[in-house]
Amino acid sequence: MNQHALSTGLQAAIARGRNFDVAGRVVIITGAGQGIGREYALQFAAAGAFPVIAELNEAKARAVKAEIEAQGGKALAIATDIADVRSVEAMVAKVLEEFGRIDVLINNAGIFSNLKMRPFDEIPLDEWDAVLKVNITGCFLAARAVLPAMRAAQWGRIINITSGSVPLGIKNYLHYVTSKSALIGMTNAMARELGAEGITVNAIQPGGTFTEIPRETVTAEGKARLIASQCIPREEVPMDLVGPVMFLSTQAAEFITGQTIAVDGGLTHW
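Only a predicted model underlies this, so the values are computations on that prediction, with no experimental measurement involved.

Honestly, the overall build of the chain in this entry has me stumped. Any pointers?
For the chain, the count of helices and strands is nine helices and seven strands. Over its C-alpha atoms the chain spans a radius of gyration of 19 Å, differing by no more than 12% from the 18 Å that the globule rule assigns to 270 residues. Seen through its principal axes, the chain has C-alpha atoms that stretch 60 × 45 × 35 Å. The proportion of buried residues among the 270 residues of the chain is 46%. Long-range pairs, those at least 24 residues apart, make up 75% of the contacts in the chain between residues at least 6 apart in sequence. Entry remark: accessible area of the chain is about 13,100 Å², with carbon and sulfur atoms responsible for 56%. Each charge class in the chain can be summarised by its mean position, and for the 24 positive and 27 negative side chains these summaries are 3 Å apart.

What is the right way to read the pairing of strand S5 (residues 156-161) from this model?
Looking along a regular strand, one sees the side chains alternate between the two faces of the sheet. Summarising burial for S5: six of the six residues are buried, a large majority. Across the two faces of S5 the burial is the same, with Gly156, Ile158 and Asn160 and Arg157, Ile159 and Ile161 all buried. Relative to strand S6 (residues 199-206), S5 runs parallel, the two being bridged by six bridges. The residue of S6 that forms the bridge with Gly156 is Ile199.

Mind showing me how you'd approach the sheet that holds S5 here?
Strand pairing within a sheet occurs via backbone hydrogen bonds; the two strands may be parallel or antiparallel. One open sheet holds the seven strands; their spatial order is S3-S2-S1-S4-S5-S6-S7, and the pairing between them is parallel. Across the chains shown, the open sheet's two edge strands, defined by having one partner strand only, are strand S3 (76-79) and strand S7 (260-263). Each strand axis lies, on average, 20° off the axis of its neighbour in the sheet, ignoring direction. Where helix H4 (residues 85-99) meets the sheet, its contacts fall on strand S1 (26-30), strand S2 (50-55) and S3, and the angle it forms with S3 comes to roughly 160°. Relative to strand S4 (residues 104-107), helix H5 (residues 125-153) is tilted by about 175°, and along the sheet it contacts S1, S4, S5 and S6.

Is there a simple way to think about the packing of H4 against H5 in this case?
The angle between the axes and the distance between the axes are what describe a pair of packed helices. Where H4 contacts H5, the two axes come as close as 9 Å, and the packing angle between them is 30°. With respect to H5, the axis of H4 lies roughly parallel. Like other packed secondary-structure pairs, H4 and H5 cross with a definite hand, here right-handed. Here Val85, Val88, Glu89, Val92 and Leu96 of H4 come into contact with H5, specifically with Leu141, Ala142, Arg144, Ala145, Val146 and Ala149. Among the residues making up the contact of H4 with H5, the classes are represented as nine nonpolar, no polar and two charged.

What am I meant to see in the nonpolar core here?
As a rule of thumb, nonpolar side chains are buried together in soluble globular proteins. Membership of the largest hydrophobic core comes to 35 residues, with the highest contact counts inside it found for Ile28, Val52, Val95, Ile102, Leu105 and Ile158. Of all elements in the fold, only S1, S2, S3, H4, H5, helix H7 (174-194) and S6 reach the threshold of two or more residues within this core. Of all the elements, H5 adds the most residues to this core, at eleven residues. The contact partners of Ile158, leaving out residues within four places of it in the chain, are Leu105, Asn107, Ala143, Met150, Met190, Leu194, Ile199, Thr200, Val201 and Asn202. Core analysis: the next-biggest nonpolar cluster, separate from the first, contains 29 residues, Ala41, Ile106, Ile161 and Leu248 among them.

In this structure, what is going on with the pattern of salt bridges? I would like to understand it.
Close approach of charged atoms allows side chains of opposite charge to pair. According to the stated counting rule, one finds nine salt bridges in the structure shown. Ionic pairing is found between Glu69 and Lys65, a salt bridge with its closest N-O pair at 2.5 Å. Of this pair, Glu69 and Lys65 both sit in helix H3 (residues 58-70), separated by four residues, roughly a single helical turn. A salt bridge links Asp240 to Arg234; the shortest N-O distance between them is 2.8 Å. Residue Asp240 is classed as partly exposed on the basis of its relative accessible area, which comes to 23%. Of the residues examined, Arg234 reaches a relative accessible area of 43% and is grouped as partly exposed. Here the residues in one salt-bridge network are Arg25, Arg101 and Asp103, joined through shared partners.

In this structure, what is going on with the packing of aromatic side chains? I would like to understand it.
The description of an aromatic ring pair rests on the distance of the ring centres and on the angle between the ring planes. Within the structure shown, the criterion is met by five aromatic pairs. Ring plane angle 25° and centroid distance 6.1 Å describe the contact between Phe20 and Phe247, whose orientation is recorded as stacked. Here Phe247 lies in helix H9 (residues 239-248) and Phe20 lies in the loop between helix H1 (3-15) and S1, a separation of 227 residues in the sequence. Following the ring pairs from residue to residue traces out a cluster consisting of Phe112, Tyr173 and Tyr176. In this arrangement the basic side chain of Arg25 is found over the ring face of Trp155, its NZ or CZ atom lying 3.8 Å from the centre.

Cut-offs and rules
Throughout, a residue's number is its position along its own chain's written sequence, starting from 1. Residues qualify for local features only when their pLDDT is at least 70, as the model is predicted, and side-chain atom pairs are given and counted only at 80 or more; totals for whole chains, interfaces and linings, by contrast, use all residues. With hydrogens and water stripped out, all remaining heavy atoms of the structure feed into the side-chain values. Runs of E in the DSSP output that reach at least two residues are strands. Runs of H or I that reach at least four are helices, and both are numbered from the N terminus. This radius of gyration counts C-alpha atoms alone. The globule rule is 2.2 Å times how many residues there are, raised to the power 0.38. For the exposure calls, accessible area comes from a 1.4 Å probe over protein chains only, and a residue counts as buried if that area is under 20% of its type's maximum, exposed if over 50%, partly exposed in between. Any two residues having at least one pair of non-hydrogen atoms within 4.5 Å are treated as being in contact. Each accessible area is a Shrake-Rupley result for a 1.4 Å probe, and residues are judged covered by the shown protein chains and nothing else. Note that His is not counted, nor are the chain ends; the positive residues are Lys and Arg, and the negative ones are Asp and Glu. Lysine's charge is taken at NZ, arginine's at CZ, aspartate's at CG and glutamate's at CD. Two strands qualify as a pair provided DSSP detects at least 2 bridges between them. To get an axis, fit a line to the C-alpha atoms, keeping to the stretch in contact for a helix; angles then go from 0 to 180 degrees between the N-to-C directions. Here roughly perpendicular refers to angles of 65 to 115 degrees, roughly parallel to angles under 35, roughly antiparallel to angles over 145, and oblique to all remaining angles. Crossing handedness is read from the near helix: turned anticlockwise from the far helix by less than a right angle, it gives a left-handed crossing, and turned clockwise, a right-handed one. When residues are grouped by polarity, Ala, Val, Leu, Ile, Met, Phe, Trp, Tyr, Cys and Pro land in nonpolar, Asp, Glu, Lys and Arg in charged, and all others, Gly among them, in polar. We define a nonpolar core as any set of buried Ala, Val, Leu, Ile, Met, Phe, Trp, Tyr and Cys residues linked to one another through side-chain atoms lying within 4.5 Å. Salt bridge criterion: a side-chain nitrogen from Lys or Arg within 4 Å of a carboxyl oxygen from Asp or Glu. Between rings of Phe, Tyr and Trp, where Trp is taken as its six-membered ring, a pair exists when centres lie within 6.5 Å; planes separated by under 30 degrees are stacked, by over 60 edge-to-face, and by other angles tilted. Criterion for a charge above a ring: Lys NZ or Arg CZ within 6 Å of the ring centre, and within 35 degrees of the ring normal.

Okay, here's the thing in structure tokens:
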């Protein structure tokens, strides 16, 4: 490429308004009634975006909406079962009715904190099915449902939340690790299909993030070992994940797709 062409290309990129702003963006966050998802909703609202709290527990969704509105923001709370196609489609229809657009989907909802650690040959089949239905099928259904709106706009961001348990191969959580591993493959393949339409698809890989949600399987000793294994030896908190997710939601990240970004204090190295 000659210097003139390069200059023209850079000027065109600037003219498209590449920036780091999420103000005015409509951001669907599944499972945003608690934990990390709640933090995403609060912080996107603080940055001027319109978070949609798509949450199975309607009372929790409404509570997060109230928090946002008390701080002067705007949000939409919708009771949503992401494993149910009709529920997901109804949620998306309501978002479009309210805002007329969908800019970002954060596939955050998943089954994990209430799982009992056990050898894989002791996992009940119905529990295996439930984990895969929510953690994989739910993400597929949500992405499929928002796609027409993103295609119409020729702009969109799909961000899948996977897990550091995948490269670590955490034992006694085989259904969870399997589901999050599959989500990385989904991210890669979906990015190939949608890149030419202005839609990026990336994954965030959190480490052991501690929230208000109780986890009976994590002991104080286990938590200390986890932190000691990180390059940055402190507890990971939800705010650590907000920056990377928000960046991937901006125009500035338009040339990043099909990537899995570890946000775990250096616990894992790809």
